Each structure stands twice: as structure tokens, then as C-alpha cells.
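Inside the fold
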Amino acid sequence: MNALIYTSALGIICLLAEIFNLRKLIIPIAIAGLLAILGTVALDWNADNSIREAALYNMLRADSFSLTFSGLLISLTVLLLMLSTDFYKTEQAKISDYIALILFILAGSLAMASFGNLAMLFLGIEVLSISLYIMAGANKHDKRSNEAGMKYFLMGSFASGLLLFGIALVYGETGSFDIVEIRDFIATHQPTSMLYVGVGLMLMALLFKTGAAPFHYWAPDVYEGAPMFHTAILMTVAKIGAFAAFYRLFSACFIPVMMPFGWVLSIVVALTITVGNLSALVQDSFKRMLALSGVSNAGYLMIAIVTLYGKTDNAVFYYSLAYGMALITAFTIAILVYRSSETESFSGFNGLAKRHPFIAASLTIAMLSLAGIPPFAGFFGKYYIFSEAVRNGRMWLVIIATINSIIGVYYYLKVVFAMYLKESDSNAAPLQIPVIYSVVIAITLTVILAVGLFPSTVLGWL
Amino acid sequence: MTFYIFLFLAALAVFCGLMTVTSRNPVHSVIFLIGCFFAIAGHYLLLNAQFLAVVHIIVYAGAIMVLFLFTLMMMNLNEASEGHKPALARISAVVSAGLLLFILIAALKKTEPFAPPLTIDHSIGLVKALGNTLLNEYLLPFEFVSILLLSSMVGAVLIAKRDKSPKPELE
């Protein structure tokens, strides 16, 4: 539960490292530091944290949900940092700033995964968002990147305003920022309309942050405009962090007032999955396709919030793990392909299987996992979430989601067809594959396969 | 007496807020917004939140408004440059804002304000009480704000830093 403090300190160390001319050491220091922090999270797992929680006035809580999600977010960041060694090769002058921002993004998402107080939730979302606005607009000379940064900034600050407004109304009703006190107040009092308005405003802000329809309009443009590596951060750490906050807030506080929101949320979920899927279907750019499939994946995850009454937290964790690992594999390969072919469309992948069978096979596994084909991890993620929803009587939602995941197979396999069945241009240069990228792909593939073959080990964690 | 001051301040705040939105000249908008902020600061004083009132004036009426005016001057925005928005966008904006107002008023009207606490702590809005709360109970968020400020500072430097080899793509 001290992971938040250590991560923030590590970010500041990275900023200071530039003064001492340690630019080359920044990424190794950051990775080693994060691995150590991962160790402290593992130590917290068996420890009794109640005294330390009380010392921090329950601002952060070290329950099994927050610890597993902290571990997942830290691991994803380690993988992303491994990719960054090569991505920032040409931007050595800014490397300390970028790495520090990535660590601050992690700090924000850790606060969002383990908050015990609405003040920490808001600050976590703000730290995450402010750093992400900068990351989205990082490529100053690219108009699309400027547009992405500006658009994300304007809409994101509006959503933050809604969140703050909602928190204020909930505070006005319950008289507390602490999630346990809010839960106890709601459980013992008749909820009033002010509370509903507050919860509704917070819900809108969180739907925006997770990129769910009808608040998803920023997502494709921002994800497409940002530099490729930053899109990977946006779609993995930021999205999983936002979703963890969403799930945590509603499962910890607002189950008793969920009744009027149940139908609204169900419709939002159905809309999110369908809109994301149908828009992804017609895309020509691999990056934009992944961005829109990210929208529909947020929808699948939100089924778990609709069916909060059951124990869905381990299914949510499992899905997030499978989703994060598959996306990192996909983005690693997309960065490599983009660098050699300078195109983000599917044609860049043409004939990749002949030139690089290992890379093509890895991307195929990642895509199959995202599409939800057994025996890969993505299938069981969907399976557990859907079965919880069926158990809670949301059959129609599951039917819509299943139809959509069948549609999803088409666009996920588009890139696979391009790799295996189409001929490459005769002058296509072979990919330059740095060793560290192969290591990242090997790690993520191992996780996808291991988690897919032995799902019960992960499900038992929570 | 307090009630009349409250009424006066509330009317002033609403009037200034409306004028902020409806004035055609952006500089007038900003001036009215400053008036609105002062009226709200007056509300804080009525509630004995002296620290909040002072900070509100320093931060909003002082720093942020100066930034607004500065930006307006830099970008030379005047009436002529303000583009006309499509009617559909205007209508939908009015409808959604009106719906939000309606829901908020309806919700607040139905809500029973919870019973006032029996012992009102009069020092609650003073600097001393606030400092004690911030550095005891809210120490962790208080420190975490520094990360927020630091990351926005890093971002500002990152965006403003001149590149060694500027590419001429962007005019």
C-alpha cells in the first residue's frame, strides 16, 4: 500500500537523474525500482495492513482488489518501460521527462485502484489525466498529435469538473469522503434525489474516462493521433486504472443506489459494445481498429459493473490481465511494423508471415486472445464475465455481447489475413527487431498462454 | 441583515454569471466573471470560511482571470472573430444545460437538508483549523497534489522546450 509513495518518489528520482548526467541509467533504474515496488506489493499481500491504513486515515486501502490491480498495473508499466528503451532512442534529450511522466501515470492509476477516500480518487484521476494529455500531444510536429492532445485536454477537464460536482453532491448528502462511511450512510438512510444526481454525475465522468459510449467520441481520435507507444500506455495502464476506479467506487459505495442506474448502465453497455465493434469493422488503420476495439472491450468489462451483486472482481481482474497482455503484444509488433513501413494501415502487415514467422504467430495469438477464441486468455475473461451476468439475470445483455464478439473476430483476423495470405511489396524492408522487444513479446505470450491454460490459478487470487 | 446581504450577493452572482455567458465582447465576459467570483467569495465570508474567501479571490479573480485576459490579448479575440455556431449545436446545448438545471433544482428541492449539527464549530473555516486538517487527516492527498503540480510543470516544459532541429511541417 506504500506503492503509491514509492512510485511517486521513483518519478522524482528520474527527473533528478538528468542533473547528474545519468540519462542512460534512467530506464534501468525505473525498471529495477518498479520491480522492487512489485515486491513490496507482494509483501503487503500476506501482511495485516489495518494499522498502516489507519495511520493514513484510510486514504488508501490495501484489500485484495487494490493489491492485485496494483500488481497488474506495475507489471504492465514495467513491460512498457522495456519498450520505451528503443522508442525514445531518438529523443534522448526528453527521456527523463517522459519516463517521469510514465511513472506519474502509474502513480495516478495506483491511487485510482486503491483509494479509500474520494479525495484520493479525484487526485488519482487528475494526475493520470494531466500526464496523459501531455503524452497524447507529445509529437509537437504532427498535427494529429496536437489535435489529440488538445481534444483530450478540453473534454477531459470537462469530465473532471463533472466528477468534482458529483463528489460535492455526494458529500453534501452523506457528510463524508470516506468510501466506508459513505457505504454505511447509504445502507442506513433512505437515499434522496441529491445523492442520485451526485452518483449520476460521477458515473458520467467515469464513463468518459473509461471511454464508454456515448462518451467515447474522444477515444478514436486521441488514440490514433498520439504517438504509437503513448497509445499503448493510454489503452493499457490508463484504461485499466480508470476501470479499476470505476469498479471499486461502485462496488464499495453505491450498490444500494444502483437500482435506478441498472437499466441506464445496461443500455450504456450494450451501446458501447455495439458502437465500438461496428466502427472498428470499417477501419483501415490497425491503430484506429485497436482504439475502437478498446471501446468495445470497455463495454465487456462494464458488464461486470451491471452485475455487481455477484462476486465479479476476480473476473474483472482476469479480463484486465488478458486484455493488457494481448494489447502490449499487439502494440509492440505495431511499433516495429510502423517503423519499417511508415504506414498504420493493414497493408503494412502484408506478407509478414513469410519474413518473420515468429512475429506473425505472436500477433496472431494476441489477436485470437482479444477476439476471445479458446484456449487463449481472452476467451476465459469473456466467459467468466458473461457467466456472472447470466447468473444475475442479464441474459439479453449477454446475447448482445456474444453477437458482438463474433463480429469482433472479423476485424481482429483482418490483420492475420494480411500477414498470412497477402503478398508483401517486393521492396519491403525486413523489420529491425531489438532484443528487448523479443523479450517483451516472449513474456506477454507466456502470460497469455499460461493464464489461458490454467485460469483457475489467477481466479483464486482474489 | 445577513439574509439581505445573502440575497444581494446571490442576485449579483446570478446576474454576473448570466452576463458572462451573454456578453458578445470577451473582455466584458471576463470582467463579469470576476464580479461573479467576488460575489461567491462574499458567500464564503458569510459562512465564516475566511481562508476559502481569500484564496478564492487570489486564485480565481487574481491569477486565473489575469491569465484569461492575457490570452485574450495575445490572441486578439474580439467580436468580429467569434464564429457563428450552427443552430442545432446551440439548441442542443441549451436543452442539455436546461435539463441539468431542471434536475438539479428538482433534486435540491426534494432533499431535506440534514439536521444542523448541534454544536457548530465556529473555527472550522479558519486557517488554523484548515491547516490542522490538511496536515493530519489529509496529509497523503496534500502531498499527492505536489505530484499533480509537478507533472503539469514537466508537461509545460516539455511542450514549450525548443527542439534542436525544428521541422517545418507545422506553420
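Residues numbered from 1 in each chain as written. Chains lettered and ligands numbered in written order. Predicted model: local features only at pLDDT ≥ 70, side-chain atom pairs only at ≥ 80, totals over all residues. Heavy atoms only, no water.

**Observations concerning the confidence of the model for chain B**
Should pLDDT be low for a region, the predicted coordinates there are not to be read in detail. In the predicted model, chain B carries a mean pLDDT of 83, and the fraction of residues at 70 or more is 85%. ipTM for the predicted complex: 0.89, alongside a pTM of 0.92. (pLDDT = per-residue confidence, 0-100.)

**Let's talk about unusual backbone geometry**
Put simply, A:Ala213 and A:Pro214 share a cis peptide bond, and its omega is 0 degrees. Inspection of the secondary structure assignment puts A:Pro214 in the loop between helix 9 (193-210) and helix 10 (218-225). For the bond from A:Pro374 to A:Pro375, the omega torsion is 10 degrees, close enough to zero to count as cis. In this fold, A:Pro375 is placed in the loop between helix 16 (357-371) and helix 17 (377-391). Backbone geometry at A:Asn58 places phi at a positive 60 degrees, although glycine is not the residue there. Relative to the assigned elements, A:Asn58 resides in the loop between helix 3 (50-55) and helix 4 (64-87). For A:Asn58, a relative accessible area of 22% translates into the label partly exposed. The backbone of B:Asn48 shows a phi angle near 65 degrees, a positive value even though the residue is not glycine. Tracing the chain through its elements places B:Asn48 in the loop between helix 2 (26-46) and helix 3 (50-75). Note on B:Asn48: relative accessible area 27%, which makes it partly exposed. (Helix = DSSP H or I, 4+ residues; strand = E, 2+ residues; numbered from the N terminus. Buried < 20%, exposed > 50% of the residue type's maximum accessible area, 1.4 Å probe, protein only.)

**Overview of the domain arrangement of chain A**
All names here are of chain A. Looking at the assigned domains, one finds that chain A contains domain 1 (1-253) and domain 2 (269-462). Contacts between domain 1 and domain 2 engage 41 residues on the former and 44 residues on the latter. Summed over both partners, the interface of domain 1 with domain 2 buries about 3800 Å², with 80% contributed by carbon and sulfur atoms. Considering only the surface of domain 1 that becomes buried against domain 2, Leu 83, Met 228 and Tyr 247 emerge as the three largest contributors, covering 19% of it. Among the ionic pairs, Arg 288 bridges to Glu 224, the shortest N-O distance being 2.7 Å. Inspection of the region where domain 1 meets domain 2 yields 11 residue pairs in polar contact (both at pLDDT 80 or more). For the side of domain 1 that touches domain 2, the secondary-structure elements that each account for two or more residues are helix 4, helix 9, helix 10 and helix 11 (228-252). Classifying every residue of the side of domain 1 that touches domain 2 gives 27 nonpolar, 9 polar and 5 charged. (Domains from an automatic or database assignment. Contact = heavy atoms within 4.5 Å. Buried area = accessible area lost by both parts, 1.4 Å probe. Salt bridge = Lys/Arg side-chain N within 4 Å of Asp/Glu carboxyl O. Polar contact = N/O pair within 3.5 Å; in protein donor to acceptor, adjacent residues only side chain to side chain. Nonpolar A, V, L, I, M, F, W, Y, C, P; charged D, E, K, R; others polar.)

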